[in-house]
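What the coordinates show
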Amino acid sequence: MRFEPVDSFGTLLARYRRSAELTQEELASASGISARSISDMERGRVRAPQQRTVQALATALTLDKRAQWEFLRLAKAGRARTGAPGQQVDDPQQVNPPPCQLPPEVADFIGRRREVERTLRLPDARLRTDRRAATPVVALSGAPGVGKTAFAVHVGHRLRGRYPDGRLFLDLRGTDPVPLSAHDALGRLLAALGVGAAQLPASLAERSALYRSLLPGRRVLVILDNAADDAQVRPLLPVSPGSLILVTSRRVLSGLEAVGRIQLDVLDTADSTRLLASIVGPDRAAGEPVALRQVVTMCANLPLALRIAGNRLASRPRWRIADLVHHLSDERHRLSALTAGDLRVRTAFETSYRQCDAISAKVFRLLSLVPGPDVTVAQTAILAELGHHTAAERLEDLVDASLLDTSGTDGRYVLHDLLRLFARERLAGEHAATDIQRAERRLTTSFLRNGIRAGQLLGPAAHAGSGGPRPDDTPGTPADAVRWLDAEQVNWLAALRDTARAERHGEVLAFTRAMNWYCDLRPTGELWREVFTYGVRAATALGLRREQATQLNFLGWALNRIDGMHEEAARTHQRALAVAMAVGDRAEEAWSLQLCGRTELDAGRPQAAMGLFTAAIAVFREAGQIFEEHIARSFLGSALHELGRYDEAVAAHRDAVAGFRDADSVADRNVLALGLLRLAETLEATGDLAAANATFREAGAIAVGVDSHLVEALAWFGCGRCRHELGDLRRAEQHLDLALSVFTDIGDRWLQARVLHRRSSVLDKLDPGRARAGRERALEICGQLDTARSRALAASLSAGLAAARG
């Protein structure tokens, strides 16, 4: 059948459909194109259908080659920007690409599996809850350079089969000085949907209404990239189901309602390494794996930074990866080094920074002074000299701008590592050096003041408040104190270092003195070695001999907790003893004797330790320090235990524990838990396993109450040993697993190896494969430690592995 020539695609479509004796619904079923879309094309409301749509219709209509050519020609003519009806388009190269075309897939897109799957599920979840709901909207936000556009394009291609009526992509230019207006954005979207220039309404409201009228019955994906704010996006959101809108923005767009939200973070280390390796090439990456990981770390897992680093290496084939590490190693110049062609990390950050108001920008700059990984509202208020409420508002503004992120801990905010470098650059460029120094001093003073208050709350003479933390972060209760000291360790340690460098000895000494009780709850040798070294120097500089003796004893205690430092610890305590005796401080003399005894005991010399503990008991009694006398007696029990004098050891431990029972401060309750732990170990050695197990459990319960992780884990370890000896293997495994978990969390590798050794013995009868894996892991740890005791344990582990193989 021949037709008269026509000059529009819609007219030709209607003729071919009627010739095939198909209704619009039947053609929709055959082609996969919605009946509404077919109707719009035939009525001329859509004059520029996409090529894939046209091909699907041609196939369903079973057109011959000549008819297909005419069909495609008129569709191309409709997509031409001139929009001239019947324009001849014999050469496909003369046809401009359709507006709002989805960019090609990102060839090396890596990672984001969880976020992609969640994005793909969101529309279906929305339809399951309400099939009449408006078009699903997914708002994708994240920091500059995190890869929002690449993610959106990748998702767009993954959704190809779900949205057969079109996938549109529009850059809203939200980071430009003048973003694309909603009016102009709608013009482009309408053109992409086939509305000719002459048919475009003049007003924003009319354009929005026409846009929304074209989408019902269609399945279209619209990606609105780089949105400026909620107001720009709102007129672009359809109200009918069936399609999907994906919006990307550096801002959170918190004003949009009923949207699914995806927050993109930096990549994890594994995916970052894969991305960088894919750019530089697998052989080159495999040749320098250590340097590759260093580049990933210096790029802080930010996709834009990784791509720039990879491009720099790819464009310099004679460079080693280590050469780039050298260029990136200086933090002052790292952002300058992260430049490749027109890609610049600094430029990406500057675009968002310029959009901040003056106060928010000032807060952003000052946040670079906080040493730790996150910051509180109170710290921000101190830094920027703002009220608490204003500081909170400005932090939220920065979160909305994706220059800051919220932490997993309530009330804390995180600044990405590279953004921190950028903030530091802007701080140096926009603030006088004296202003920066004053801000640093305000922050340092605050950390030390709160640290002193927190430490004092844990001691026996503490006067705790009734509430929780105050608005200025000052701890109010012992529990607050422990949480604050744990959370702010990086910050208070940095403040202490700065104060020591500035030789403000009085402030240093006040802080180290207050750490007396907290250090027993978190007995990390290297940390306290540094802290109490500052204390010794401060006391010496001030000429305070009594304080010098005290700080030397604190330092010796820390050294004794570090493998291979027992002799150094003993010499430090002996120095403290000499100073205490010289100034006539009998109490500190007794402490020195007791601590000298502990170094002897830990060095495997219990007989010498027993003599020192006995002397300490006598001096404490003479000084009227009864509680401290019981502490020395508890250690005397441990020395007797090591000598095999178990009945005497049990008696000494019971006397000490009885003296600790009336304790009510956090510090003294921790001492009670430690005393019970020593008693339980001796009861275990006597074979009274039921009593030992009960005593371990009591010690563990008290340790949990005072948040003493090490004592808690030691108690679980003891319970596991007792259950093992009693033949209760399942309970033994459970207790040992708990102990191993805590020892792993606190980083005590020696105790990890010991628990793994015992746990493997339990598992020999329950799960030989896991028993072998546990011994191998413990053996690896012992090899890393390489101390006398770890070598002895390694020999036992090797014997166990050999026995299992035999």
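Keep in mind that what you see is a predicted model, and the values were worked out from it rather than measured.

A look at the sheet that holds strand 4 (residues 244-249)
- Across the sheet, five strands lie side by side as 2-3-4-1-5; this open sheet has parallel pairing. The sheet is open, and its two edges are formed by strand 2 (167-171) and strand 5 (260-264), each paired on a single side. Within this sheet the neighbouring strands show an average axis-to-axis angle of 15°, counted without direction.
- When strand 1 (residues 137-142) meets strand 5, the two strands line up parallel, connected through five bridges. Bridge assignment links S141 to a residue of strand 5, and that residue is Q263.

Section: the environment of L244
- Turning to its location among the elements, L244 is positioned in strand 4.
- The class for L244 is buried, based on a relative accessible area of 2%.
- Those residues in contact with L244 that sit more than four places away from it in its chain are P123, T135, P136, V138, L159, Y163, V220, L221 and V222.

Structural notes on the sheet that holds strand 8 (residues 374-376)
- One open sheet accounts for three strands, arranged 8-10-9; its pairing is antiparallel. Edge positions in the sheet fall to strand 8 and strand 9 (405-406), since each of these pairs with one other strand and no more.
- Note: strand 8 against strand 10 (residues 412-414), three bridges, orientation antiparallel. Residue pairing across strands places V375 opposite Y413, the latter belonging to strand 10.

Digging into the pattern of salt bridges
- For the structure on display, the rule yields 46 salt bridges.
- D764 serves as the salt-bridge partner of R775, at 2.7 Å between the closest nitrogen and oxygen. In this pair, R775 sits in helix 39 (residues 768-785) while D764 sits in helix 38 (residues 749-766), placing the two residues eleven residues apart along the sequence.
- By relative accessible area, R775 is classed as buried at 6%.
- Look at D764 and you get partly exposed, because its relative accessible area is 35%.
- Across the salt bridge formed by D767 and R770, the nearest N and O atoms sit 3.9 Å from each other.
- Within this structure, R730, E733, D767 and R770 form a network of salt bridges that share partners.

Quick word on the packing of aromatic side chains
- In the structure shown here, the tally under the stated rule is 13 aromatic pairs.
- Taking 5.8 Å as the distance between ring centres and 25° as the angle between the ring planes, the aromatic pair formed by F613 and F635 counts as stacked. With F613 in helix 31 (residues 606-622) and F635 in helix 32 (residues 626-642), this pair connects stretches of sequence that are 22 residues apart.
- The buried category is assigned to F635, whose relative accessible area is 7%.
- Above the ring of F635, the side-chain terminus of R678 is found at 4.0 Å from the ring centroid.

Parameters at a glance
- Residues numbered from 1 in each chain as written.
- Predicted model: local features only at pLDDT ≥ 70, side-chain atom pairs only at ≥ 80, totals over all residues.
- Heavy atoms only, no water.
- Pairing = 2+ DSSP bridges.
- Helix = DSSP H or I, 4+ residues; strand = E, 2+ residues; numbered from the N terminus.
- Axes fitted to C-alpha atoms, helices over the stretch in contact; angles between N-to-C directions.
- Buried < 20%, exposed > 50% of the residue type's maximum accessible area, 1.4 Å probe, protein only.
- Contact = heavy atoms within 4.5 Å.
- Salt bridge = Lys/Arg side-chain N within 4 Å of Asp/Glu carboxyl O.
- Phe/Tyr/Trp six-rings, centres within 6.5 Å; stacked < 30°, edge-to-face > 60°.
- Lys NZ or Arg CZ within 6 Å of the ring centre and 35° of its normal.

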